[in-house]
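Each chain, letter by letter, is given below.
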Amino acid sequence: MTDTAQEIRKEASEEGKLDYSKTLYLPQTEFPMRAGLPKKEPELVARWQEMGLYKQLRDDAKDRPLYVLHDGPPYANGNIHIGHALNKILKDVITRSFQMRGYNANYVPGWDCHGLPIEWKIEEQYRAKGKNKDEVPVNEFRKECREFAAHWIEVQTEEFKRLGIEGDFDQPYTTMNFHAEARIAGELLKFAKSGQLYRGSKPIMWSVVERTALAEAEVEYQDYESDAIWVKFPVKAAARDGGDASDLSDAFVVIWTTTPWTIPGNRAIAYSSRIAYGLYEVTAAENDFGPQPGEKLIFADALAEESFAKAKLEYKRLREVKAEEFAGMTCHHPLHGFGGGYEFLVPLLPGEHVTDDAGTGFVHTAPGHGREDFDVWMHHSRDLEACNIATTIPFTVDDAGFFTRDAPGFGPDREGGAARVLDDKGKKGDANRAVIEALIGADALFARGRLKHTYPHSWRSKKPVIFRNTPQWFVHMDMDLEDGTTLRSRALKAIDDTRFVPKAGQTRLRAMIEDRPDWVLSRQRAWGVPICVFADEDGNLLRDDAVDKRILQAFEAEGADAWFADGAKERFLGNEHDPASWTQVTDILDVWFDSGSTHTFTLEDRPDLKWPADVYLEGSDQHRGWFHSSLLESCGTRGRAPYETVITHGFTMAEDGRKMSKSLNNQVFPQDVMAKSGADILRLWVMNTDYWEDQRLGQTIIQTNIDAYRKMRNTIRWMLGTLTHDEGESVEYSDMPELEKLMLHRLWELDQVVRKGYDAFDFKRISRHLLDFMVLELSAFYFDVRKDALYCDAPSSLKRKAALQVVHHIFDRLVTWLAPMLPFTMEEAWLSRYPDAKSVHLEQFRECPSEWRDDALAAKWKKVRTVRRVVTGALEIERREKRIGSSLEAAPFVHITDDLLRDSIEGLDMAEICITSGISVSSRPAPAGAFTLGDVNGVSVVPAMAEGRKCARSWRVTSDVGSDPEFPDVSARDADALRELKSLGRF
RNA sequence: GGGCUGGUAGCUCAGCUGGUUAGAGCGCACGACUGAUAAUCGUGAGGUCGGAGGUUCGAGUCCUCCUCGGCCCA
């Protein structure tokens, strides 16, 4: 006899009555109802760390097929925000779910380390110390950038681990480790070697004062007074072939600009098909300089009056000019012949950016001095070349703001030397004046004035900046490659060959690739992998494998800093090449090229990964970013995408669906959620949301997930309590009651849902089905019904043993299925049930034998539950009328006139299923006034009280209470159970 | 302005190729139990399916426009 048994006896003798609760198999568990996740989760992180879970996962799965989700690298410059949390949680659920389904799902996290934002931070630190970036040796600056990135990698690593992310955090990949830098450089050299890399040019924002390129974010807009001029372009040919002799052929097209110094760079005039134009003639002139009566000019109708007024002219409108007439038209440059240059044709080009809000309706287009000018020019480059118009963009202004030889008459060839746009202090130079004088001399000036407007200024020096054509390194999108394809065609093919989840990603990426311009790789910056090539004056690349080899070996050993070290040029060129005839390029690579190359040094080079990756997963903004650059890089060097599947997620919005922002104070920080509620709550939110679209997050939504979490946790807790009494006795499937078979059938069905759900990355479908199952079928039905047998039945009861076994099956499956989603809670539950186990994360999803599937049984029990609904509905009336409290006080009459419904309950203990003490079923029609449900025909219930006494042990009201003299206050079933327990010494 | 995309009960989601009074869970209200107890069970109230037109015998589901929102460009 056990101590407990003695205690029970003792208490019983004292009170003269047994406390039967001690004789029941009530749930017992240490698994707490309240999770305390903020405290518990870090303990589990430490446990996994100590046991080396990552390594064990790899060892366990070493013979299984590899499944690789390649991590898109976050930028190493700050704490993680909600977007990082969403992203990493999704990735973690994917790798864990594949790991638990027969794969070796290795996850190697990575970081993007180079680039502008980190440079800014370091520069900011410099300024705080009164230091100037330009006075610091490049490699010292780069070293500080490296240390900065390393610091944030450490911080983010801890934050990701705290989220429950499992991966190789001891050996992540970074774009700045030496091997990565060498490989990135190597990839660039592949583009160079295959001829895909070329030197072109592009206007960029340039600060003359600082002699540096500026990014859009480094510019601020301030008020500024500019010189405005209206310039006449004589029409050369009304059609590009020169054959037309219309009334436009002796007219002028007039443009307006606030940057006269860009006139030498003019190469085209843009017009819009949405604007109404007219041909005008001057009828009277106030001045004897400038336009004179008889001159014909073309303007946008909306701007003609204002323009003529400005030039103090009277005019008449001759006729409408349709936009179509401009197609193919060419003009002379207004300075043609000046300084021996400007003899080229100036074509008119259609441009979407042209408006008739200000100016003349024609936009002076200097492709070297404006982004839109450049885009329009490049967009038409093929057409223009076909008409023998050279599309080379002149470098009219140098880095100090002086005109060059590309601006004949204004550069070094000018009397008195080159004119200057801005001086060293940022003040206007003499360039505008020189240009205006030349225009006057050429009788090309229509009018002039001044304009106050906002103009970009450097945020450091607060001085105006200019758009200036600068040599840049590009990759051809449309160059014919050796195999008859182009980079663009390869990329489009690769998009077709890739699975996109959701599908819209494919459309979006394709649209971008279809009309993107050539890929600009160069940045005039310091912190990055250099474009490690040598070029001659014309931009031709030095091609020498030996040089390349020296470069890559040096990078491998010393990092890319080697490129910037003293003597690097001579070192890499070696003895075979004359340093004087080659320029060492000092631009660095666009960071998108870095991250676009992660597949090479991570997937290809690590023996524990593979190329291509099974899946890439990032936010939808990465169609322009990582998905895009990885695709181009890989197609350019390997001919296909580095991924088989691309998954995208939306962005996290505040609760009202708007963007989270500091100013609106509606941000949610993952650190806060973890500290207050736990990482599993955040993870559950991710699981319940439609991540393919934008998601919302806020207090209400967090609370909804906390509630759902509690329900799941309590259901699992009850199973753990009940399974405390599981002694592992097995019951043959064929011997099981129908109710148990029904639950096994449901497990079989759920197994399908779960596996298909994970395959489709459709997590909300899984979590929805599992939560509904727990709430509707377990808590509210199966467990409720089976409590009587599980708590009260004798140890030998087959029903009890079968139920225990089924609960065991349910537990193992639910916990493993949910483990990828809620790794902390499921680990806690698993270890509570199996104290000697290492980790639930080393488990596989359990098989559900096809024997369990029984569709007929499920259909039958659907009807059973229909009948049950009518019974519980009737009992609710009784309860409301205070005739009963517990359903065990009732023993209703059920009249079933529907044959199918009656057949479904044939042979079943409906009292047990309805949790009443008794039930009488008849096929006779019910008397008037019987309870029915509107949506159930053929079932009526007449309530009745159960007859007999209440069993002190099971609380059922039966007529056999007291039939056993040994236990006079319990029913016969309970008396038998007590006797059996007694004989086993259980009490 | 362009490309892609979304708006179904307080919250999160189902609603397949158009077909009966639009569903679920949670929350809420009310009730029961007191042997899952800061739990559990039951019942109920919540929706002009963003708005307006149109196609159709019939539209949350198809078309057009509008509106609000998101990502990426300009």
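Nothing here was measured: the structure is a model prediction, and the numbers come from that model. (Residues numbered from 1 in each chain as written. Chains lettered and ligands numbered in written order. Predicted model: local features only at pLDDT ≥ 70, side-chain atom pairs only at ≥ 80, totals over all residues. Heavy atoms only, no water.)

Ordered in space as 2-1-24-25-18, the five strands form an open sheet in which the pairing is parallel. A single partner strand is all that each edge strand has here, and the edge strands are strand 2 (104-106) and strand 18 (499-501). If you compare each strand with its neighbour and ignore which way they point, the axes differ by 20 degrees on average. Contacts from helix 18 (residues 626-638) reach strand 1 (66-70), strand 24 (613-619) and strand 25 (643-649), with the element oriented near 145 degrees to strand 24. (Pairing = 2+ DSSP bridges. Helix = DSSP H or I, 4+ residues; strand = E, 2+ residues; numbered from the N terminus. Axes fitted to C-alpha atoms, helices over the stretch in contact; angles between N-to-C directions. Contact = heavy atoms within 4.5 Å.)

Bringing the protein's contact with RNA strand B into the picture now. Near RNA strand B, the surroundings consist of 54 residues, among which Arg658, Asp694, Lys764, Ser779 and Lys882 are the closest. Backbone atoms, meaning sugar plus phosphate, form 80% of the atoms of RNA strand B positioned within 4 Å of the protein. Per-element tally for the surface near RNA strand B: the top contributor is helix 23 (residues 763-792), with eleven residues. Considering only residue class, the surface near RNA strand B consists of 17 nonpolar, 13 polar and 24 charged. (Near = heavy atom within 4 Å. Nonpolar A, V, L, I, M, F, W, Y, C, P; charged D, E, K, R; others polar.)

Our next topic: the UniProt feature "binding site: ATP" (unreviewed entry) in chain A. When the UniProt feature table is mapped onto this chain, "binding site: ATP" (unreviewed entry) is found at Lys662. Within the secondary structure, Lys662 is located in the loop between strand 26 (652-653) and helix 19 (670-676). For Lys662, a relative accessible area of 72% translates into the label exposed. (UniProt positions renumbered as here; feature names shortened; annotations may be inferred. Buried < 20%, exposed > 50% of the residue type's maximum accessible area, 1.4 Å probe, protein only.)

Attention shifts here to the packing of helix 21 (residues 699-723) against helix 23. When two helices pack together, their arrangement is captured by the angle between the axes and the distance separating the axes. Following both chains from N to C, one finds helix 21 and helix 23 inclined at 30 degrees, their axes separated by 11 Å at the closest point. Between helix 21 and helix 23, the angle falls in the class roughly parallel. Here helix 21 runs over helix 23; the crossing is left-handed. Together, Ala708, Lys711, Met712, Thr715, Trp718, Met719 and Thr722 of helix 21 and Leu771, Met774, Val775, Leu778, Ser779, Phe783, Lys787, Leu790 and Tyr791 of helix 23 make up the contact between the two elements. Looking at the contact of helix 21 with helix 23, its residues break down into eleven nonpolar, three polar and two charged. (Parallel < 35°, antiparallel > 145°, perpendicular 65-115°, else oblique. Left-handed = near helix turned anticlockwise from the far one by under 90°.)

Moving on, we get to helix 7 (residues 178-193). Since one α-helical turn is 3.6 residues long, residues separated by three or four positions face the same way. Taking 1.5 Å of rise per residue, 16 residues should cover 22 Å, and helix 7 covers 22 Å from first to last C-alpha, within 8% of that figure. Restricting attention to buried positions, one finds in helix 7 the residues Ala180, Glu181, Ala182, Arg183, Ile184, Ala185, Gly186, Glu187, Leu188, Leu189, Phe191 and Ala192. By the N-cap criterion, in which a side-chain oxygen at the helix start approaches the backbone nitrogen of a residue two or three places on, helix 7 is capped by Asn177, the distance to His179 being 3.1 Å. At the C-terminal side of helix 7, Gly195 shows a positive phi close to 80 degrees. (Expected span 1.5 Å × (residues − 1). Polar contact = N/O pair within 3.5 Å; in protein donor to acceptor, adjacent residues only side chain to side chain.)

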